[in-house]
Amino acid sequence: MVREARKEDLQEILKLYLYLHEESIPEPSDCLSNTWKQILEDENHHLIVNEVAGSIVSSCVCIIIPNLTRNIRPYAFLENVVTHADFRGRGLASECLEYASQIAKRCNCYKMMLLTGSSKKETLDFYRNAGYNSTDKTAFIQWINI
């Protein structure tokens, strides 16, 4: 079942992120609580989850970004697409991306963009098969070290 995250989902999502790039689950803190509250309350921030047998096994984030170009139409940015290793290849992440696409359409977005840190052929093919291309734009990233 695909849906948006709820308050009680935090720990399951953090565990799922261990399959993304995280090395550990953050310790409980005011920062974690405040960030989670901010995500849940932001109408433009959609943390999408997919459940199997009551457990969250796939997820993505879809952010709707207001925009002054393209006839004042917003765009959607997708990030943190992840599926638990035991559940890959079942279309669960595709269902999350489709849910994000429906949000973007409902918000009148003119495009959806995503970045991936993976160079694995199967990951790139997954995004291509989901309708994304890597030819229209070039992404540049500047990491901020604190």
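Structure's up top.
Description of the structure in this document.

Cut-off values and rules
Residues numbered from 1 in each chain as written. Predicted model: local features only at pLDDT ≥ 70, side-chain atom pairs only at ≥ 80, totals over all residues. Heavy atoms only, no water. Pairing = 2+ DSSP bridges. Helix = DSSP H or I, 4+ residues; strand = E, 2+ residues; numbered from the N terminus. Axes fitted to C-alpha atoms, helices over the stretch in contact; angles between N-to-C directions. Contact = heavy atoms within 4.5 Å. Salt bridge = Lys/Arg side-chain N within 4 Å of Asp/Glu carboxyl O. Buried < 20%, exposed > 50% of the residue type's maximum accessible area, 1.4 Å probe, protein only. Phe/Tyr/Trp six-rings, centres within 6.5 Å; stacked < 30°, edge-to-face > 60°.

## Focus on the sheet that holds strand β1 (residues 2-4)
Two strands in a sheet stick together by hydrogen bonds in their backbones, pointing the same way (parallel) or opposite ways (antiparallel).
Here comes step 1: On the basis of which strands lie adjacent, the open sheet formed by five strands has the order β1-β2-β3-β4-β5 and mixed pairing. For this open sheet the edge positions go to β1 and β5 (112-114), each flanked by a neighbour on one side alone. Shown here is a sheet whose adjacent strand axes are inclined to one another by a mean of 30°, direction ignored.
Here comes step 2: The strands touched by helix α3 (residues 92-106) within the sheet are β1, β2 (45-52), β3 (55-65), β4 (75-83) and β5, with β3 carrying the most contacts at an inclination of about 30°.

## With respect to the pattern of salt bridges
Here comes step 1: If you walk through the whole model with that rule in mind, you get six salt bridges.
Here comes step 2: Of the charged contacts, one joins Glu8 and Arg6 as a salt bridge, the two residues approaching to 3.1 Å between their closest N and O atoms.
Here comes step 3: Residue class for Glu8 comes out exposed when judged on its relative accessible area of 58%.
Here comes step 4: Here Glu41 and Lys37 are joined by a salt bridge, their closest N and O atoms 3.0 Å apart. One end of the pair, Glu41, and the other, Lys37, are both in helix α2 (residues 30-41), four residues apart, so they sit about a helical turn from each other.
Here comes step 5: Given a relative accessible area of 57%, Glu41 falls into the exposed group.
Here comes step 6: Put simply, Arg3, Asp9 and Glu51 are held in one network by salt bridges that share partners.

## Details of unusual backbone geometry
Where the residue is not glycine, phi is negative for most of them; where a peptide bond is considered, it is trans in most cases.
Here comes step 1: For Arg70, which is not glycine, the phi torsion reads 55° and is therefore positive.
Here comes step 2: Position of Arg70 relative to the elements: it lies in the loop between β3 and β4.
Here comes step 3: For Ile72, which is not a glycine, the phi torsion comes out positive at approximately 60°.
Here comes step 4: By the secondary structure assignment, Ile72 is in the loop between β3 and β4.

## A word on the packing of aromatic side chains
Here comes step 1: What the rule picks out here adds up to two aromatic pairs.
Here comes step 2: Plain terms: the ring middles of Tyr75 and Tyr110 are 6.3 Å apart, the flat faces sit at 75° to each other, and that makes the pair edge-to-face. You can see Tyr75 sitting in strand β4 and its partner Tyr110 sitting in the loop between α3 and β5, a full 35 residues away along the chain.
Here comes step 3: Given the relative accessible area of 24%, Tyr110 is considered partly exposed.

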